[in-house]
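# Residue-level structure breakdown
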Amino acid sequence: MRYFLDTEYDGFGGALISLALVPEDGSEEFYIVLDHQATVPWVVRNVVPYLDHVPDALRSPRLDRAAASHALAVWLAHDDGAEIIADWPEDLAHLANLLVSGPGQMQQVHGLILRLVPVPGFSNAANSAVPHNALHDARALRDHLAGLD
C-alpha cells in the first residue's frame, strides 16, 4: 500500500518533532510526537502550538526516540509492501533515521520503498487543514496526489 509522509522538525537539519503516515485507502493513520524541546523560533511559533491538533485517537504522550522508533516499526509490521511517498527529501531522511535503533541496529521491518515525488507549485501548508501539523500536511499531500492519478 502507499502511505503519504510528512514530518515536522526543529529547523534545517534539526531534530525530528513529529511524523505522520497517511494510507492511500483512508485506513488507520500513524502519528507520533517526539519529546523534543524546539529551539528554532519559527518552529516554536508555527509548529509546536499545533502538534495536538489531531483526532483524539491519534493523540498520545510525547515519545522518546527509542519508543518512537519501536512504534513506527510496529505500525509498519502489518504491511509487507509499503511504499512511503514524500514531497520533501528531509521527510524521508527522518523516517529512515527513525528506523535506526542503535549502532549497527535497525528496527525489523519488511522491505520499504521510499519515494520522493517533488510536486512543483504545491504547498502542504497552503493546502492543509492545520498547516505545519505532520498529520494534516500528509493528508493534504495524499489528497493532492490522488487528484493527479
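Residues numbered from 1 in each chain as written. Predicted model: local features only at pLDDT ≥ 70, side-chain atom pairs only at ≥ 80, totals over all residues. Heavy atoms only, no water.

### Here we look at the packing of helix H2 (residues 65-76) against helix H3 (residues 89-98)
- Packing of H2 against H3 leaves a shortest axis separation of 9 Å and a crossing angle of 95 degrees. When the axis of H2 is compared with that of H3, the two are roughly perpendicular. Mapping the contact onto sequence places Arg65, Ala68, Ser69 and Leu72 in H2 and Leu95, Asn97 and Leu98 in H3.
- Residues of the contact of H2 with H3, tallied by class, amount to four nonpolar, two polar and one charged. (Axes fitted to C-alpha atoms, helices over the stretch in contact; angles between N-to-C directions. Helix = DSSP H or I, 4+ residues; strand = E, 2+ residues; numbered from the N terminus. Parallel < 35°, antiparallel > 145°, perpendicular 65-115°, else oblique. Contact = heavy atoms within 4.5 Å. Nonpolar A, V, L, I, M, F, W, Y, C, P; charged D, E, K, R; others polar.)

### A short note on the pairing of strand E4 (residues 82-86)
- Counting buried positions over the five residues of E4 gives five, a clear majority of the element.
- Taking every second residue as pointing to the same face, both faces of E4 are buried, with Ala82, Ile84 and Ala86 on one and Glu83 and Ile85 on the other.
- Relative to E4, strand E1 (residues 2-9) runs parallel, the two sharing three bridges. Bridged to tyrosine 3 within E4 is isoleucine 84. (Buried < 20%, exposed > 50% of the residue type's maximum accessible area, 1.4 Å probe, protein only. Pairing = 2+ DSSP bridges.)

### Regarding the pattern of salt bridges
- Applying the stated criterion across every chain yields a total of six salt bridges.
- Among the ionic pairs, glutamate 29 bridges to arginine 139, the shortest N-O distance being 2.7 Å. Highlighted residues: glutamate 29 in the loop between strand E2 (16-23) and strand E3 (30-33) and arginine 139 in helix H5 (residues 134-146), separated in sequence by 110 residues.
- Since its relative accessible area comes to 15%, glutamate 29 is described here as buried.
- Aspartate 52 serves as the salt-bridge partner of arginine 62, at 3.0 Å between the closest nitrogen and oxygen. (Salt bridge = Lys/Arg side-chain N within 4 Å of Asp/Glu carboxyl O.)

### A short note on the layout of surface pockets
- By volume, the largest pocket amounts to about 400 Å³.
- Around the largest pocket, the lining comprises 18 residues; the ones closest to its centre are Asp6, Glu8, Tyr9, Trp88 and His132.
- Looking at the lining of the largest pocket, the element that brings in the most residues is E1, giving four residues.
- Its residues assigned to classes, the lining of the largest pocket shows eight nonpolar, five polar and five charged.
- Taken as a whole, the second largest pocket encloses approximately 150 Å³ of empty space.
- Per-class residue counts for the lining of the second largest pocket are seven nonpolar, two polar and two charged. (1 Å grid on protein atoms, 1.4 Å probe; cavity = no way out; pocket = protein on both sides within 12 Å on 5 of 7 lines; lining within 4 Å. Points joined across faces, edges and corners; volume = space filled by probe spheres on them.)

### Some points on the environment of glutamate 8
- Relative to the helices and strands, glutamate 8 resides in strand E1.
- Of the residues examined, glutamate 8 reaches a relative accessible area of 8% and is grouped as buried.
- For glutamate 8 and alanine 125, which are 117 residues apart along the polypeptide, the C-alpha to C-alpha distance reads 11 Å.
- Among all residues touching glutamate 8, those that are not within four sequence positions of it are Leu16, Ile17, Ser18, Val47, His132, Asn133, Ala134 and Asp137.

The quantities given are spatial measurements derived from coordinates; they are silent on function.
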